[in-house]
Amino acid sequence: MLSIGREQLQSVASQLKQALYNHEHWHKDIIRTIVCGLNHDQRDVAPDAHKLCRFGQWYYSDVTENLREHQAFTAMEFEHKRMHQIAAHMLQEVDAGHAIEVTEYDNFASALDRLRLELMSMNREIDESLYRTDTLTGAENRTGMLAALREMQALVFRMSQSCTLAMLDIDHFKNVNDTYGHIVGDDVLAGSVRVIRDILRPYDRIFRFGGEEFLIVLPYTNIEAGWDITERLRRKLADSVLTTVNGADVKVTVSIGLAELDASLNVELSIDRADHAMFAAKNGGRNRTCKWEASMDLEAEIPKHPVEK
Ligand SMILES: Nc1nc2c(ncn2[C@@H]2O[C@H](COP(=O)(O)OP(=O)(O)OP(=O)(O)O)[C@@H](O)[C@H]2O)c(=O)[nH]1
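Residues numbered from 1 in each chain as written. Predicted model: local features only at pLDDT ≥ 70, side-chain atom pairs only at ≥ 80, totals over all residues. Heavy atoms only, no water.

J.: Would you mind going over the state of the cysteines in detail, with residue names and values included?
T.: For the structure shown, the criterion picks out zero disulfides. Of all cysteine sulfurs, the one in C163 lies closest to C290, which takes part in no disulfide; the gap is 19 Å. Relative accessible area serves as the criterion here: at 17%, C290 is assigned to the buried category. (Disulfide = S-S within 2.5 Å. Buried < 20%, exposed > 50% of the residue type's maximum accessible area, 1.4 Å probe, protein only.)

J.: Break down the sheet that holds strand 2 (residues 205–210) for me, with residues and values.
T.: As summarised here, the arrangement of the five strands in space is 2-3-1-6-7, forming an open sheet in which the pairing is mixed. In this open sheet, the two edge strands, each paired with only one partner strand, are strand 2 and strand 7 (289–291). Ignoring which end each strand starts from, the neighbouring axes of this sheet average 20 degrees apart. Pairing analysis gives seven bridges linking strand 1 (residues 163–170) to strand 6 (residues 254–260), with the strands arranged antiparallel. In the strand pairing of strand 6, L168 is matched with I256. (Pairing = 2+ DSSP bridges. Helix = DSSP H or I, 4+ residues; strand = E, 2+ residues; numbered from the N terminus. Axes fitted to C-alpha atoms, helices over the stretch in contact; angles between N-to-C directions.)

J.: Could you give an account of the packing of aromatic side chains, naming the residues involved and the relevant values?
T.: Scanning the entire structure with this criterion turns up seven aromatic pairs. Seen in terms of ring centroids, Y59 and F73 are 4.3 Å apart; in terms of plane orientation they differ by 5 degrees. Their pairing is stacked. Highlighted residues: Y59 in helix 3 (residues 54–59) and F73 in helix 4 (residues 71–95), separated in sequence by 14 residues. For the pair Y59 and F73, one class covers both residues: buried. When the ring centre of Y60 is taken as origin, the NZ or CZ atom of K51, which lies over that ring, is 5.2 Å away. K291 extends its terminal NZ or CZ atom over the ring of W227, reaching a point 5.2 Å from the ring centre. (Phe/Tyr/Trp six-rings, centres within 6.5 Å; stacked < 30°, edge-to-face > 60°. Lys NZ or Arg CZ within 6 Å of the ring centre and 35° of its normal.)

J.: With reference to specific residues and values, describe the site of the ligand.
T.: Inspection of the region around the ligand gives 17 residues, with H172, F173, D186, R208 and K282 positioned closest. Note that a nitrogen atom of the ligand is positioned 3.1 Å from one of the backbone N or O atoms of H182. Within the side chain of K282, an N or O atom sits 2.8 Å from an oxygen atom of the ligand. Residue assignment for the shell around the ligand shows that the elements contributing at least two residues are strand 1, helix 7 (173–180) and helix 8 (182–199). Each residue belonging to the shell around the ligand can be placed in one class, and the counts come to four nonpolar, five polar and eight charged. (Near = heavy atom within 4 Å. Polar contact = N/O pair within 3.5 Å; in protein donor to acceptor, adjacent residues only side chain to side chain. Nonpolar A, V, L, I, M, F, W, Y, C, P; charged D, E, K, R; others polar.)

J.: Break down the UniProt feature "domain: GGDEF" (unreviewed entry) in the protein chain for me, citing the residues and quoting the values.
T.: Residues given the UniProt feature "domain: GGDEF" (unreviewed entry) here are residues 161–294. Within residues 161–294, the helical portion is 46% and the strand portion 26%, while the C-alpha atoms at the span's ends are 22 Å from each other. (UniProt positions renumbered as here; feature names shortened; annotations may be inferred.)

J.: Lay out the pairing of strand 2 in plain terms, naming residues and giving numbers.
T.: As judged from the five bridges shared by strand 2 and strand 3 (residues 213–219), these two strands associate in the antiparallel manner. Along strand 3, the bridge assignment pairs R208 with F214. From the end of strand 2 to the start of strand 3, which pair antiparallel, there are two residues.

J.: Run through the pairing of strand 1, naming residues and quoting values.
T.: Looking along a regular strand, one sees the side chains alternate between the two faces of the sheet. Of all eight residues in strand 1, eight are buried; the element is thus mostly enclosed. Both faces of strand 1 are covered, namely the face carrying C163, L165, M167 and D169 and the face carrying T164, A166, L168 and I170. As paired strands, strand 1 and strand 3 are joined by seven bridges and run antiparallel to one another. Pairing of M167 across the sheet is with L215, part of strand 3.

Shown next, in the form of structure tokens:
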């Protein structure tokens, strides 16, 4: 999953298509230059030719800074650079009056296919991320949630690793909508997720579970460590002022329920436990974290709304 905003993902997807189009043209031009004995562009034999072409200018720009940690993106660099190195060598061979070796020409021809493959793989990753991202908040939607939890559960089972689930619900969110309107409410949801993300580690995941309810998955984390993390994010959120579209500064608190992902149960039951613990946090007065206890499941069987405190 690419952890960058939806708008940026969409823009990267169209930049990649443009980059491929540009490179197909450049590739054809190099072959035309060699076959027809034309003068080549000096930039194509420069040591940093891969940074001078239009693809290179885009690839090494600030725009792409936060894509650099992704494998598919870095793999493109290798293929792209290699393609330019072969082109430069072929052009120098022609300048020196030498014939181009068949293997070198074949490598150049297949380099475009390899770059195309890398670009397509990056595009697939982007499509996948867009498909799995909640438009409003940038959190993951529920599409891949159960599958991700089952994968995590297999790790808990095989590697004896702990994983903690945190169900987080914004307190009195209806009041935010009623006071400021739905658009500000939307902004508050997105802002809250940004604050949460800042506290989470890169491998933690946040899913939008329902309207103002989020499921956070904390891998390699037992319930005590999970408590520390979620308490930090609860306090950070309570201290944060969320500036919204219409300029209104809004503050929110959250109630959080914690449960370990149990390797011997259906993942849905572990989610229920975190949910019951979150309800206990609401009933306990909100703006707090509760760890799951078996008695909470019994209480949850009696349908009731969280009481006001
Ligand atoms: N703006 C906005 N509001 C949403 C969205 N999804 C759900 N909500 C609102 O979230 C509110 C949830 O209200 P309740 O379930 O009564 O809970 P609450 O007011 O947060 O109170 P507690 O959870 O008991 O602390 C409702 O008013 C929903 O309309 C959304 O995507 N955008």
